[in-house]
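Here are the chains, one letter per residue:
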Amino acid sequence: MSVKPLRECGPAARIAVIAGDGIGKEVTPESVKAIRSAITSARRQIEFVEFDWGADKFLREGVSLPAGAVEMLANEFDAILFGALGDPRVPSNQHAADILLGLRFKLDLFVNARPVELFHDRLTPLRDRSANDIRFMVFRENTEGLYVGVGGFFKKDTPDEIAVQEDVNSRKGVERIIRHAFDYARRNQLKRVCMSDKSNAMNFAHDLWQRVFKQVLQEYPEIESRHLYIDTLAMEVVRDPRQFDVIVTCNLFGDIISDLGAQLAGGLGLAPSGNIHPGRTSLFEPVHGSAPNIAGKGIANPLGSILTSGMMLDFLGWKSEGDALRNAVRSALQENFVTPDLGGDKGTVEVGDWIAKRVGDR
Ligand code: NAD
Ligand code: IPM
Ligand code: MN
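With that settled, the discussion passes to the overall build of the protein. Check the secondary structure of the protein and you find 11 helices and 12 strands. For the protein, whose C-alpha radius of gyration is 20 Å, the value lies close to the compact-globule estimate of 21 Å for 362 residues. In terms of overall dimensions, the protein has a C-alpha envelope of 55 × 50 × 40 Å along the principal axes. Burial status across the protein gives 57% buried among its 362 residues. In the protein, the share of contacts with a sequence separation of at least 24, taken over all contacts with a separation of at least 6, comes to 76%. Accessible surface computed for the protein: about 15,400 Å², of which carbon and sulfur atoms make up 51%.

Time to look at the environment of I306. One can find I306 in helix α9 (residues 303-315). The residues touching I306, leaving out its near neighbours within four places in the chain, are E30, S31, A34, L325, V329 and I355.

Before going further, it helps to spend a moment on the nonpolar core. Formed by 81 residues in total, the largest nonpolar core has its most connected members in I15, F139, I178 and I355. Discounting chain neighbours no more than four positions away, the residues touching I15 are I46, E47, F48, V49, F77, A79, L81, M312 and L316. Core analysis: the next-biggest nonpolar cluster, separate from the first, contains 20 residues, V70, L85, I99 and L100 among them.

In this model, D157 sits at a positive phi of 65°, which is unusual for a non-glycine residue. Among the secondary structure elements, D157 is positioned in the loop between β6 (151-154) and β7 (162-165). Given a relative accessible area of 68%, D157 falls into the exposed group. Unlike most non-glycine residues, Q189 shows phi in positive territory, near 50°. Tracing the backbone shows Q189 in the loop between α5 (171-187) and β8 (192-197). Residue classification places Q189 among the exposed residues on the basis of a relative accessible area of 67%.

Near ligand 1, the surroundings consist of 21 residues, among which E285, G289, A291, N293 and N301 are the closest. At 3.1 Å, a backbone N or O of S290 approaches an oxygen atom of ligand 1. Contact between ligand 1 and A291: an oxygen atom at 2.8 Å from a main-chain N or O atom of the residue. In isolation ligand 1 has 800 Å² of accessible area, and contact with the protein removes 67% of it.

This next bit is on helix α6 (residues 205-217). In a regular helix each residue adds 1.5 Å, so 13 residues correspond to 18 Å; α6 covers 19 Å between its end C-alpha atoms and thus fits that length. When α6 is considered as a whole, its buried residues turn out to be A205, H206, L208, W209, Q210, V212, F213 and V216. Buried residues along α6 sit in contact with β5 (135-141), α5, β8, β9 (224-229), β10 (246-249) and α8 (251-264).

The 10 strands are arranged β2-β1-β3-β12-β11-β4-β5-β10-β8-β9 in an open sheet whose pairing can be described as mixed. Looking at the sheet topology across the chains shown, the edges are occupied by β2 (45-51) and β9. The sheet shows a mean angle of 20° between the axes of neighbouring strands, direction not considered. Where strand β3 (residues 79-84) meets strand β12 (residues 282-286), 3 bridges bridge the pair, whose relative direction is parallel. Note that in β12 the partner of L81 across the bridge is F284.

Our focus in this paragraph is the site of ligand 2. All residues in the neighbourhood of ligand 2 are listed as R104, R114, R140, Y147, D255 and E285. Within the side chain of R114, one N or O atom sits 2.9 Å away from an oxygen atom of ligand 2. Interatomic distance of 2.8 Å between a side-chain N/O atom of D255 and an oxygen atom of ligand 2. For ligand 2, whose free accessible area comes to 320 Å², the fraction covered by protein is 74%. Its residues assigned to classes, the shell around ligand 2 comprises 1 nonpolar, no polar and 5 charged.

Conventions adopted
- Residues numbered from 1 in each chain as written.
- Chains lettered and ligands numbered in written order.
- Predicted model: local features only at pLDDT ≥ 70, side-chain atom pairs only at ≥ 80, totals over all residues.
- Heavy atoms only, no water.
- Helix = DSSP H or I, 4+ residues; strand = E, 2+ residues; numbered from the N terminus.
- Rg over C-alpha atoms; globule rule 2.2 N^0.38 Å.
- Buried < 20%, exposed > 50% of the residue type's maximum accessible area, 1.4 Å probe, protein only.
- Contact = heavy atoms within 4.5 Å.
- Areas by Shrake-Rupley, 256 points an atom, 1.4 Å probe, with all protein chains shown as cover.
- Core = buried A, V, L, I, M, F, W, Y, C linked by side-chain atoms within 4.5 Å.
- Near = heavy atom within 4 Å.
- Polar contact = N/O pair within 3.5 Å; in protein donor to acceptor, adjacent residues only side chain to side chain.
- Expected span 1.5 Å × (residues − 1).
- Pairing = 2+ DSSP bridges.
- Axes fitted to C-alpha atoms, helices over the stretch in contact; angles between N-to-C directions.
- Nonpolar A, V, L, I, M, F, W, Y, C, P; charged D, E, K, R; others polar.

This is how it looks when you write it as C-alpha cells:
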C-alpha cells in the first residue's frame, strides 16, 4: 500500500530510538540494522540517537518521560523509532502511559496508521483468502477518546467504589482523523472509506462522529462512504476482508480492530504502525507490545518492527528505501526464514541479519 511522503527531509535525517522494554529491546536494533543497510547504498545519511526510557530507568530513577523530552524530540528529530513499553514489575503501566501516550498526545500525533496487508497466503488464519483479499488501512484517532485519562475514583477501596473514565471527543479531533482517512483514500486511488463507531449506544460522543462523518464525506463524492457499528465491523472484517480499503475509528476501537487485523495478516509479530502528525516529528512502532512471555529468549519476530521502519522511511520521503525493507520482508516470508510465531525456527538476530543482507544486496 503506497503512502505519500508526509515529511520531506532531504538527504539527511535524525532519528530518536526508544527501544523500551521486553522484546522492544530485541527487535528495534534489527530494525536499525535494516535501515542502515537500506541507506548505505542510496546516498542518504541518517543519525540514530538512543534513549534508555523504559521500565528499568523508571524503577531505578523514578523517571518515565524526562523533563524537556517532548520539545527536544520535536525540535531536534525528524522521527522516532519506538519498540514497546510494558513490564510486569510496573503493574500500573505508569511509565508506558507517561512515555507512549505522553508522546502521542504532546506531539499531537493524531493519526495512528495501522496497515493490514497479507504478505503471504499461508499466513492468514482465514480459509480461502489470499494476499489480494486482505489489504486495508486502519486509521485510529490517537489523541483523545477514552485514552485521555480524565476520570477518577470515588469511595476507592470500599464496597461502594465508583470508577469513572471519560470519553473525550472534540469536533476538531474527530474531523481531522476522518478527513485524513478520506484524503489518504483519494491520494492512493482507494475507493472505499468505512467509519466505525458505536453511536447506537454512545449517544453523545459517537453522535458527534456521525455528524462529522456525514459532513466530511460530502467533500469526497468519488469515494464510497460507509458506516458500520464496531461490533459489526469486527464480524465483517473476518467474514470478508475484501470489503475494506480504509477504516477510520476512535482511539479504543482502533486499538482493538488493529490487533484483529494484525492476526488476519499473520499475527502481531508482523504488524507495523505510525503515530503521525503530517509534517511534524512522528513516532513509528510495531503494533505489538513488550511480550514478557517471550522476552529475553531471542525469538521475537523483528519483521513488524522492520515494516514499521519501512513506514518511517516513507514518511521521510525515502520511498525506495522503504520498498527495499518491504521487499526483503516479503522474501523472508517466501523463503520461510522466520521466527517461531510464524512457524519457523530462526532467532530474532538471525532474521535481522538475513534482512539486512538482503536489503544490502539489492
Ligand atoms: P503483546 O503484544 O506484548 O503480546 C501478545 C502476544 O503476541 C504474546 O503471546 C506475544 O508473545 C506475542 N507477540 C507479540 N509480539 C511478538 C513478536 N514480535 N514476535 C513474536 N510474538 C509476539 O501484548 P500483551 O501481552 O497484551 O502486552 C504485554 C505488555 O506490552 C503490556 O505491558 C502491554 O501494556 C504492553 N503493550 C505495549 C504496546 C506498545 O508499547 N506499543 C503495545 C501493546 C501492548
Ligand atoms: C498499542 C498499545 C497501547 C494502546 C497501550 C500499551 C497503551 O496497546 O499501541 O496498541 O492501547 O494504544
Ligand atoms: Mn494495542
